[in-house]
Amino acid sequence: MAEPLRIAVLASGRGSNLGALIEAQRNGVLPVHFVGVFSDRADCGALALARGNDIPALALSPADFPDRRAYDEALFSRIEAVQPDLIACAGYMRLISEECVRRWRGKMINIHPSLLPAYPGLRTHARALAAGDREHGASVHCVIPELDAGAVLSQARLAVLPGEDAESLARRVLEREHPLLVQTVRAIALGDLDVSTTPPRFRGAALGSPLVLSDAGQLEQATC
Ligand code: GRF
């Protein structure tokens, strides 16, 4: 059997996406080996979750470094030491310096709570509601130096409910983020999805549009 994909996770917050990955790995759905969870916040839920699951966990505080570049050099040298095949940013709330992004290009993905290219950056749910959007969702994309702008690999779409607020929308999107991230990492781990090329390739063919998470929780090719 092929070696499991070595995955490192970057997170700053509660870590529910990390939790979904861990659960899927434990259930035999996700053939990965967690080589480490890394954070800019020593007190975050994601690190506690990692430690509770015997995954190496490390936080470095940005306050201990003179600038972003120095911080990222230190953090990414620790990541490099555990030799991940893939780095998944799952709620990592810091910009990453261009040098590090370039070094890991083709090996780093991020989950973002909007239907990219709509709403890069923060407050995506409130912005979608303010614009009167009927659909919202989440995307997994390749990380490039421009914020939330790399090739979109997969998306989960959902209808905005009449009268709902940003909190409700965020909760419903998050529920879909978990299977979206698990299935996307699974496709990479199985070799179906190749993120090392531009454009990425799915089952040998260039990915023309993002894969779509079906209601049954599977990734499917978009139908036009
Ligand atoms: C998610 O909404 C993710 O898309 C965004 O930050 C949030 C992280 O949530 N980038 P969690 O820490 O995984 O629960």
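Refer to the structure above for everything that follows.
Residues numbered from 1 in each chain as written. Predicted model: local features only at pLDDT ≥ 70, side-chain atom pairs only at ≥ 80, totals over all residues. Heavy atoms only, no water.

Side note on the pattern of salt bridges
Piece 1. All told, the structure shown has eight salt bridges when counted by the stated rule.
Piece 2. We note a salt bridge from Asp192 to Arg203, for which the minimum N-O separation is 3.5 Å. Of this pair, Asp192 sits in the loop between helix H6 (166–189) and strand E8 (193–194) while Arg203 is found in the loop between strand E9 (201–202) and strand E10 (205–206), placing the two residues eleven residues apart along the sequence.
Piece 3. By sharing partners, the salt bridges in this structure join Glu73, Glu80 and Arg103 into a single network. (Salt bridge = Lys/Arg side-chain N within 4 Å of Asp/Glu carboxyl O. Helix = DSSP H or I, 4+ residues; strand = E, 2+ residues; numbered from the N terminus.)

Thoughts on the sheet that holds E8
Piece 1. Overall, antiparallel pairing links the three strands, which are arranged E8-E9-E10 in an open sheet. Pairing within the sheet leaves two strands with one partner each, and these edge strands are E8 and E10.
Piece 2. Pairing geometry for E9 and E10, over two bridges, is antiparallel. Each residue of the ladder has a partner; that of Arg201, found in E10, is Ala206. (Pairing = 2+ DSSP bridges.)

A short note on the pairing of strand E6 (residues 135–142)
Piece 1. Counting buried residues along E6, seven of its eight residues qualify, which places the element largely inside the surrounding structure.
Piece 2. Bridge analysis of strand E5 (residues 108–112) against E6 gives four bridges, and the strand direction is antiparallel. Directly across from Ile111, in E6, lies its bridge partner Val140.
Piece 3. The sheet contact formed by E6 and strand E7 (residues 152–159) spans seven bridges and is antiparallel. Paired with His141 across the two strands is Val152, which belongs to E7. (Buried < 20%, exposed > 50% of the residue type's maximum accessible area, 1.4 Å probe, protein only.)

Thoughts on the site of the ligand
Piece 1. Residues in close proximity to the ligand include Gly13, Arg14, Gly15, Ser16, Asn17, Gly91, Ile111, His112, Pro113 and Glu177, which together make up its full environment.
Piece 2. In this structure, an oxygen atom belonging to the ligand sits 2.5 Å away from a side-chain N or O atom of Arg14.
Piece 3. At a separation of 3.2 Å, a nitrogen atom of the ligand approaches a polar backbone atom of Ile111.
Piece 4. Across the complex, the protein chains shield 87% of the 370 Å² of accessible surface that the ligand would expose by itself.
Piece 5. At the level of secondary structure, the elements contributing two or more residues to the shell around the ligand comprise helix H1 (16–26) and E5.
Piece 6. Its residues assigned to classes, the shell around the ligand comprises two nonpolar, six polar and two charged. (Near = heavy atom within 4 Å. Polar contact = N/O pair within 3.5 Å; in protein donor to acceptor, adjacent residues only side chain to side chain. Areas by Shrake-Rupley, 256 points an atom, 1.4 Å probe, with all protein chains shown as cover. Nonpolar A, V, L, I, M, F, W, Y, C, P; charged D, E, K, R; others polar.)

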